[in-house]
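Listed below, chain by chain, are the residues.
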Amino acid sequence: NLGSADGAAEAVRLGAEGVGLFRTEFLFLDADRAPSVTEQQEQYTRLLQAFPGKKVVVRVLDAGADKPLAFLNDADEQNPALGLRGIRALRHSEPILREQLTALAAADAATDAELWVMAPMIATVEETRYFTALATELGIRTAGVMIEVPSAALTAEQVLEVAAFASIGTNDLTQYTMAADRLL
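Residues numbered from 1 in each chain as written. Predicted model: local features only at pLDDT ≥ 70, side-chain atom pairs only at ≥ 80, totals over all residues. Heavy atoms only, no water.

Draft legend 1. Quick look at the side chain of Thr-142. Here Thr-142 shows up in the loop between helix 5 (125–137) and strand 4 (143–147). Leave out the neighbours within four places in its chain, and Thr-142 touches Leu-115, Trp-116, Val-117, Ala-164 and Phe-165. (Helix = DSSP H or I, 4+ residues; strand = E, 2+ residues; numbered from the N terminus. Contact = heavy atoms within 4.5 Å.)

In structure tokens:
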């Protein structure tokens, strides 16, 4: 797992055969605006160039709840962990998602890595269909989802009829299944 393109060279040096989860939040968290397509593309290209011929799984922005962003969702929510988070926040601010997918597709076209892109916090088959259709429209060849919500785990067979792959997000899935705060 990587949290920025800066760790790619060290991962390769240590023998990494690809990336199982690349978290894109580093581009967004300390910013007062969403990074441009060009800014994102530069970072994604750096990452993918380090892994020619290898699989790199990138999660689009997972924000909201414990990671609020003023330019994504600055509304005060009574229970943000269950509100506009992950794919719901991105749908609410679709231009940000479109720009991120555009930047990822351009970086993929400029490199030889095998890019897989997934959406966070998918809860329904409909959300899966929305994300995979948008990703495909914008040039992503392999679009999947994260199973982090019990409803997605229970409907995983139907989710996988739409998505190319799924990755299980054990931290969130355990938290929501057990109704327990993982930060305590």
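Draft legend 2. Local environment of the pattern of salt bridges. In the structure shown here, the tally under the stated rule is 11 salt bridges. For Asp-6, the salt bridge identified is with Arg-46, shortest N-O distance 2.6 Å. Remark: Arg-46 occurs in helix 2 (residues 37–49) and Asp-6 occurs in the segment before helix 1 (8–13); sequence separation between them is 40 residues. Overall, Asp-6 belongs to the exposed group, its relative accessible area being 56%. A salt bridge links Asp-108 to Arg-141, with the shortest nitrogen-to-oxygen separation between them at 2.8 Å. With Asp-108 in helix 4 (residues 94–109) and Arg-141 in the loop between helix 5 and strand 4, this residue pair connects regions lying 33 residues apart in the sequence. For Arg-141, a relative accessible area of 65% corresponds to the exposed category. Because the salt bridges share partners, they merge into one network encompassing Glu-25, Arg-59, Asp-62, Arg-85 and Asp-172. (Salt bridge = Lys/Arg side-chain N within 4 Å of Asp/Glu carboxyl O. Buried < 20%, exposed > 50% of the residue type's maximum accessible area, 1.4 Å probe, protein only.)

Draft legend 3. Looking closely at the sheet that holds strand 2 (residues 55–59). With parallel pairing, the five strands of this open sheet are ordered in space as 1-2-3-4-5. Bordering the open sheet on either side are strand 1 (19–23) and strand 5 (166–168), each of which pairs with just one other strand. Going from strand to strand, the sheet's axes swing by 30° on average, the running direction of each strand aside. Where strand 4 and strand 5 come together, three bridges link them in parallel fashion. Considered in strand 5, the bridge of Val-145 is made with Ala-166. Taken strand by strand, helix 5 contacts strand 3 (114–122) and strand 4, and its axis lies near 150° from that of strand 3. (Pairing = 2+ DSSP bridges. Axes fitted to C-alpha atoms, helices over the stretch in contact; angles between N-to-C directions.)

Keep in mind these values describe shape, not function.
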